[in-house]
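Residues per chain are reported as follows:
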Amino acid sequence: MRRGRAYLPATMQTLRSLQALDREGLLTPDPQLEQAARSMAIAVTPEMVALIDRADLAHDPIARQFVPSRAEAEIAPEELADPIGDEARSPVKGIVHRYPDRVLLKPLHVCPVYCRFCFRREKVGPGGEALTAEELDAAIAYVRSRPEIWEVILTGGDPLMLAPRRLAELMAALDATPHVAIVRVHSRVPIVDPERVTDELVQALRPGRVGVWMGVHCNHARELTAGSRTALKRLADAGLPLMSQTVLLKGVNDDVETLEQLMRALVTARVKPYYLHHPDLVRGTGHFRVSIEEGQALMKALRGRLSGLAQPTYVLDVPGGHGKVPVGPAYLGDDPDALRIEDAFGGLHRYPPA
């Protein structure tokens, strides 16, 4: 039986060590867990702890995302410390400038939870770097000095871990930069720590001149608790468009029924499915990866089951910092006299060439 929220102590805090996880019955004895725990910080919020089925820890999709595994000690030759090439594209501390018209701005490396598959797993954590006031000023100055920058994406870490006052100051600085038209905020907070989404935080995010979009990271429909739905409603009611980012993860969401349920739940919560990420080549995360062919098959199956409103784009971050590309299935085939098109249900049809 799944252990529900009502069974958790009212004073329970975020779990931040193997010992804390063990006290809550979230570990199976394994001497190699110490090595896994050293490779990355641990944090599991009460909201997520409440969802974990202790009777089936090995297969629980929530535990799999946040509880260390001995498999993290297994590092394949192709796995990388910086799989998407952030460092090579960082002209100023806190900035990643990969595309001409947009930049990432990373004000801090702290998160409410630490996902074991994170592509920045070797950067994030309580001891991770946060920008000083001077460094943040330099990052903003970089944005202001380049009129080609149309969009700034706040990421990290999790930008909603900033105090509302500091977040408001950062948003105001970007709003005052004439050529910045869009600020996108990527966060796990509304899902895993929804009580942090206060009226004060929402006010800090409310758009002035710029358009503000919120990217919400959610991997399983169970993560959309009553608390997270309330937080998402608060953001949507404030006029913030919401979109989702999901990572395709073995043992978490790598079947069509689970993905369908998640995408429907997101749309119902007024979150538009945006990206389904193929897992990156992060060190110690081979146990999470599926093949691209498996991902394409899942996307084909979703096409016949979900409306366009609920369809994410399946993308791969090309290793080395070369950006994202869609890797979804193809529906056009070769034919000597016409295009051959596969429909959403697997049927093949001829279409006249231009």
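The model shown is predicted, which means the values in this text are computed figures rather than measured ones.

Conventions we followed
Residues numbered from 1 in each chain as written. Predicted model: local features only at pLDDT ≥ 70, side-chain atom pairs only at ≥ 80, totals over all residues. Heavy atoms only, no water. Helix = DSSP H or I, 4+ residues; strand = E, 2+ residues; numbered from the N terminus. Rg over C-alpha atoms; globule rule 2.2 N^0.38 Å. Contact = heavy atoms within 4.5 Å. Pairing = 2+ DSSP bridges. Axes fitted to C-alpha atoms, helices over the stretch in contact; angles between N-to-C directions. Phe/Tyr/Trp six-rings, centres within 6.5 Å; stacked < 30°, edge-to-face > 60°. Buried < 20%, exposed > 50% of the residue type's maximum accessible area, 1.4 Å probe, protein only. Lys NZ or Arg CZ within 6 Å of the ring centre and 35° of its normal. Right-handed = clockwise from strand over helix to strand, strands pointing away. Expected span 1.5 Å × (residues − 1). Arc of directions from axis to C-beta.

Q: Hey, could you run me through the overall build of the protein chain in this one?
A: Each helix and strand counted, the protein chain has 11 helices and 12 strands in total. A globule of 354 residues ought to have a C-alpha radius of gyration of about 20 Å, and the protein chain, at 21 Å, matches this closely. A principal-axis box enclosing the C-alpha atoms of the protein chain has dimensions of 65 × 55 × 45 Å. Put simply, of all contacts in the protein chain between residues at least 6 apart along the chain, 76% involve residues at least 24 apart.

Q: I'm lost on the sheet that holds strand S2 (residues 102–105) in this one. Help?
A: Backbone-to-backbone hydrogen bonds pair the strands of a sheet. The strands run either parallel or antiparallel. An order of S1-S2-S3-S4-S5-S6-S7-S8-S9 is seen for the nine strands of this open sheet, with the pairing classed as mixed. The two strands at the open ends of the sheet, each matched to only one other strand, are strand S1 (95–99) and strand S9 (324–326). Averaged over neighbouring strand pairs, the angle between their axes works out to 30° when direction is ignored. In the sheet, strand S5 (residues 211–217) pairs with strand S6 (residues 242–247) via four bridges, with the strands oriented parallel. Paired with Met 214 across the bridge in S6 is Leu 242. Of the strands in this sheet, S1, S2 and strand S3 (151–154) are in contact with helix H5 (residues 133–144), which crosses S1 at around 25°. Relative to S3, helix H6 (residues 164–175) is tilted by about 165°, and along the sheet it contacts S2, S3, strand S4 (182–187) and S5.

Q: Whenever I open this one, the packing of aromatic side chains confuses me. Can you help?
A: Aromatic rings in a pair are described by how distant their centres are and how their planes are angled relative to each other. Applying the stated criterion across every chain yields a total of two aromatic pairs. Relative to Phe 288, the ring of Phe 117 lies with its centre 5.6 Å away and its plane at 75°, an arrangement referred to as edge-to-face. Of this pair, Phe 117 sits in the loop between S2 and H5 while Phe 288 sits in the loop between strand S7 (271–277) and helix H11 (292–303), and the two are 171 residues apart along the sequence. Relative accessible area serves as the criterion here: at 9%, Phe 117 is assigned to the buried category. Ring geometry for Tyr 274 against Tyr 275: centres 4.0 Å apart, planes inclined by 25°, an arrangement best described as stacked. The partly exposed category is assigned to Tyr 274, whose relative accessible area is 25%. Of note, Arg 102 hangs over the ring of Tyr 99, and the distance from its end group to the ring centre comes to 3.9 Å. For the cation-ring pair, Lys 300 lies above Tyr 331, with the distance from its terminal atom to the ring centre recorded as 5.7 Å.

Q: Is there a simple way to think about the pairing of S3 in this case?
A: Each regular strand displays side chains that alternate between the two surfaces of the sheet. By the alternation rule, side chains of S3 split into Glu 151 and Ile 153 and Val 152 and Leu 154, which are all buried. In this structure, S2 lies alongside S3, joined through four bridges in parallel fashion. Bridge pairing in S3 places Arg 102 opposite Glu 151. Where S3 meets S4, four bridges bridge the pair, whose relative direction is parallel. In the sheet register, Glu 151 faces S4, and the bridge partner there is Ile 182. Considered for its hand, the β-α-β crossover made up of S3, H6 and S4 is right-handed.

Q: Would you mind going over unusual backbone geometry with me for this structure?
A: With glycine set apart, most residues show a phi of negative sign, and most peptide bonds adopt trans. Going from Gly 156 to Gly 157, the amide bond is cis rather than trans, its omega being 20°. Structurally, the position occupied by Gly 157 is in the loop between S3 and H6. Phi is positive for Arg 270, close to 70°, though the residue is something other than glycine. Tracing the sequence through the fold places Arg 270 in the loop between helix H10 (256–268) and S7.

Q: Help me out: how do you make sense of helix H9 (residues 226–237) in this one?
A: Because an α-helix completes one turn every 3.6 residues, residues spaced three or four positions apart along the sequence face the same direction. With 12 residues, H9 extends 16 Å from end C-alpha to end C-alpha; this agrees with the ideal 16 Å at 1.5 Å per step. Each element contacted by the buried residues of H9 is listed here: helix H3 (46–49), helix H7 (189–192), helix H8 (199–205), S5, S6 and S7. One or two steps after H9, the chain reaches Gly 239, where phi turns positive at roughly 95°.

Q: Looking at this structure, how should I read H11?
A: The end-to-end C-alpha distance of H11 is 17 Å, a good match for the 16 Å that 12 residues give at a rise of 1.5 Å each. Within the span of H11, buried status applies to Gly 295, Leu 298, Met 299 and Leu 302. What you see down the axis of H11 is that its buried residues fit within an arc of 100°, all on one side.

Just geometry here; none of it tells us what the structure is for.
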